[in-house]
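Examination of the molecular architecture
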Amino acid sequence: MRTQVGIVGAGPAGLLLSHLLHLRGIDSVVLESRSREYVEQRVRAGVLEQGTVDVLDEAGVGGRMRAEGLPHHGIELRYGGAGHRIPFERLVPGRAITVYGQQEVVKDLIARRLADGGKILFDVPDVALHSLAADPYLTFLGRRLDCDVIAGCDGFHGVSRPSIPDGVLSIFQRDYPFAWLGILAQVPPSAEELIYSRSERGFALHSMRSPEISRFYLQVPPDASLDDWPDSRIWTELRARLETVPGFALTEGPIISRDLSAMRSFVAEPMRHGRLYLAGDAAHIVPPTGAKGLNLAVADVRVLAEALAAFYGSGSTELLDAYSDTCLRRVWRAQHFSWWMTTLLHTFDSDDAYGRRLQTSHLDYVTSSEAAATTLAENYVGLPFDSGA
Ligand code: FAD
Ligand code: DHB
């Protein structure tokens, strides 16, 4: 079997890349280790930056997102007994976020690829990458797929990044001393906007998926197990961390899914080795507090699709050669923002009184200074693609 671009992983990065390449007349095959049902049901991100929404729209896969996604023009930072709204409409006019589940983006992309005759092979557990320097190929289930280039879009635990020989990549990493417990609950959201709440008991986040479904996250110990968290404990803790301002009451309801996520910052540089290009979580991870991971994956494949189009159009490798540097500028801005939001809002075991005072002072600054609030807002809604970030 032969294709132009062999794509490993059918997450948002791999699927969108395959679609963007198709729009440019470039052939690809996507190899995914899990089943279609599994990738369509996996509950993860929910916040789409303005630029992500625009990319999906321009690529003709934004119809359901426009109809069912929830545009938001602000978020609330809650701490010290008060809520503080960061108003995007005033601070970053014309830019907003859209709340739309990652698995819905994945469903939309799979449906469109298959309708366009795209090749996505699910349940392929044993993908291996070969000959990355020249004439690369993939093997799986006793078959061989020759390609011009390979796109490693297989997430943090995938096979692509580990296929790069030792010593090539520089790794930059930070682990955090906590994890996030996420739940979906069949209950209307308790507020119209997202609430990022810092409390003495730890961080909590109020989010949503639809007018009927709420999404919540709790900061929990890094070794927490879902068995430690029966429904009653989850609601008690959410109430303790979110019902911290007068008049706010959380509406409880049946919990329909739960998940635990480690909190990690990670960058592998460069994002290319020979004919292998890494994109999305395969190359970098951010803690979810800034809602950046999915958006970075989209930004990467947007750059990669343009670079491959230029290569196939004119034979020029200029954009492909610049791919890693181009992506890493935005990646590092998001790394900083995600680290900053995380340290601003979480409780650290090692926190001394001095550290807590600094956190409060910084939150006071962000919620009272137009300049500081704008910094948060413009990073949260996403910097323009052409800003050099
Ligand atoms: P993935 O989604 O991980 O997809 C990789 C795919 O490759 C998977 O389908 C996997 O099964 C497959 N794969 C793995 N190994 C192999 C293999 N060996 N062979 C073949 N296939 C393989 N981001 C945001 O932007 N906004 C948010 O609000 C947000 N919230 C988040 C909340 C949580 C709790 C978590 C955990 C993440 C959140 N993120 C958020 C991050 C976001 O979910 C990820 O950054 C995003 O999924 C990255 O997409 P990807 O396509 O690069 O990788
Ligand atoms: C959601 C996830 C995030 O990481 C975040 O910062 C905001 C919202 C969500 O899943 O809704």
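Residues numbered from 1 in each chain as written. Chains lettered and ligands numbered in written order. Predicted model: local features only at pLDDT ≥ 70, side-chain atom pairs only at ≥ 80, totals over all residues.

Per an unreviewed UniProt entry, the recorded name for the chain is p-hydroxybenzoate 3-monooxygenase, and the organism is Streptosporangium brasiliense.

1. Side note on the UniProt feature "domain: FAD-binding" (unreviewed entry) in the chain
Definition in use: UniProt positions are given in the numbering used here, feature names are shortened, and annotations may be inferred rather than shown by experiment. Note on conventions: DSSP H or I runs of at least 4 residues are helices, E runs of at least 2 residues are strands, and numbering of each starts at the N terminus.
The feature "domain: FAD-binding" (unreviewed entry), as given by UniProt, occupies residues 2-337 in the numbering adopted here. What you have in residues 2-337 is 31% helix and 30% strand, and the ends, taken at the C-alpha atoms, are 41 Å apart.

2. Details of the site of ligand 1
Stated precisely, the cut-off is as follows: Nearness rests on one distance test: the residue's C-beta atom, set from the backbone, must lie within 6 Å of the molecule or strand. Residues are grouped as follows: nonpolar covers Ala, Val, Leu, Ile, Met, Phe, Trp, Tyr, Cys and Pro; charged covers Asp, Glu, Lys and Arg; every other residue, Gly included, is treated as polar.
Taken together, 36 residues lie near ligand 1, and Gly 9, Gly 11, Gly 155, Gly 280 and Gly 293 sit nearest. Broken down by secondary-structure element, the contributors of at least two residues to the shell around ligand 1 are helix H1 (12-23), strand S13 (170-185) and helix H8 (293-314). Grouping the amino acids of the shell around ligand 1 by side-chain chemistry returns 16 nonpolar, 14 polar and 6 charged.

3. Some thoughts on the sheet that holds strand S15 (residues 204-208)
Spelled out, the test is: Pairing between two strands is assigned when DSSP locates at least 2 bridges connecting them.
Here we have 8 strands laid out as an open sheet, ordered S6-S5-S14-S15-S16-S13-S17-S20, and mixed in their pairing. Both outer strands of the open sheet, strand S6 (82-87) and strand S20 (284-285), are each paired with one neighbouring strand and no more.

4. Some words on the packing of H1 against H8
Applicable threshold: A fitted line through C-alpha atoms serves as each axis, taken over the contacting stretch for helices, and the angle formed by two N-to-C directions is quoted from 0 to 180°. Orientation is classified from the angle alone, with under 35 degrees giving roughly parallel, over 145 giving roughly antiparallel, 65 to 115 giving roughly perpendicular, and any other angle giving oblique. By definition, turning the near helix anticlockwise from the far helix through less than a right angle yields a left-handed crossing, and turning it clockwise yields a right-handed one. Residues are scored as being in contact if the C-beta atoms we place from backbone atoms lie within 7 Å.
One way to put it is that H1 packs onto H8 with a least axis distance of 9 Å and a crossing angle of 30°. For the element pair H1 / H8, the angle class is roughly parallel. For the pair H1 and H8, the sense of crossing is right-handed. Across the interface between the two elements, Pro 12, Ala 13, Leu 16, Leu 17, Leu 20 and Leu 21 from H1 touch Leu 294, Ala 297, Val 298, Asp 300, Val 301, Leu 304, Ala 305 and Leu 308 from H8. Along the lines of polarity and charge, the residues of the contact of H1 with H8 split into 13 nonpolar, no polar and 1 charged.

5. Section: the packing of H1 against helix H6 (residues 102-115)
Where H1 contacts H6, the two axes come as close as 10 Å, and the packing angle between them is 35°. Seen from above, H1 lies across H6 with left-handed handedness. Of the residues in H6, those touching H1 at Pro 12, Leu 15, Leu 16, Ser 18 and His 19 are Gln 102, Val 105, Val 106, Leu 109, Ile 110, Arg 112 and Arg 113. Across the contact of H1 with H6, the residue classes break down as 7 nonpolar, 3 polar and 2 charged.

6. A short note on the environment of Asp 259
Mapped onto the fold, Asp 259 is located in strand S17 (residues 255-269). Each C-alpha atom, one on Asp 259 and one on Tyr 217, is 9.4 Å from the other, the two residues being 42 residues apart in sequence. Other than its neighbours up to four places away in sequence, Asp 259 contacts Val 43 and Gly 182.

7. A short note on the pairing of strand S12 (residues 149-152)
Cut-off, in case you're wondering: Exposure criterion: with C-beta atoms placed from backbone coordinates, a residue whose C-beta has 20 or more other C-beta atoms within 10 Å is buried, one with 12 or fewer is exposed, and one in between is partly exposed.
Neither face of S12 is left uncovered, since the one carrying Val 149 and Ala 151 and the one carrying Ile 150 and Gly 152 both have all their residues buried. Looking at chain direction, strand S1 (residues 5-8) and S12 are connected through 4 bridges and run parallel. Residue pairing across strands places Ile 7 opposite Ala 151, the latter belonging to S12. Looking at chain direction, S12 and strand S19 (residues 276-278) are connected through 3 bridges and run parallel. If you follow Ala 151 over to S19, its bridge partner there is Tyr 277.

8. Description of the nonpolar core
Just so we agree on the cut-off: One nonpolar core equals one set of buried Ala, Val, Leu, Ile, Met, Phe, Trp, Tyr and Cys residues connected by C-beta atoms within 7 Å.
Ranked by size, the top nonpolar core spans 106 residues in total, and within it Leu 17, Ala 151, Ala 279, Val 301 and Leu 304 carry the most contacts. Per-element accounting of this core gives the leading share, 11 residues, to H8. Beyond its immediate stretch of four places on either side in the chain, Val 301 contacts Ala 13, Leu 16, Leu 17, Leu 20 and Ala 279.

9. Things to note about the pairing of S15
Taking burial as the measure, the 5 residues of S15 include 5 buried ones, the bulk of the element. Both strand S14 (residues 194-197) and S15 contribute to a ladder of 3 bridges, which runs antiparallel. The residue of S15 that forms the bridge with Ser 197 is Ala 204. Hairpin connection, S14 to S15: the antiparallel pair is bridged by 6 residues, and Gly 202 has positive phi, about 120°.

10. Some points on H6
Rules: What a helix should span is 1.5 Å times the count of its residues minus one. By construction, the arc corresponds to the directions joining the helix axis to the C-beta atoms.
In this model, H6 (14 residues) spans 20 Å end to end at C-alpha, consistent with the 20 Å of a helix rising 1.5 Å per residue. Regarding H6, the residues found buried are Val 105, Val 106, Leu 109, Ile 110 and Arg 113. Down the axis of H6, the smallest arc covering the buried residues is 130°, so these residues share one side. Exposed residues lying more than 90 degrees from the buried face of H6 are Leu 114 and Ala 115. Those residues of H6 that are buried lie in contact with H1, helix H2 (36-41) and strand S8 (119-121). Once H6 ends, the next one or two residues include Gly 117, with phi positive near 80°.

11. Concerning the environment of Glu 37
Examined against the element boundaries, Glu 37 turns out to sit in helix H2. For Glu 37 and Val 5, which are 32 residues apart along the polypeptide, the C-alpha to C-alpha distance reads 24 Å.

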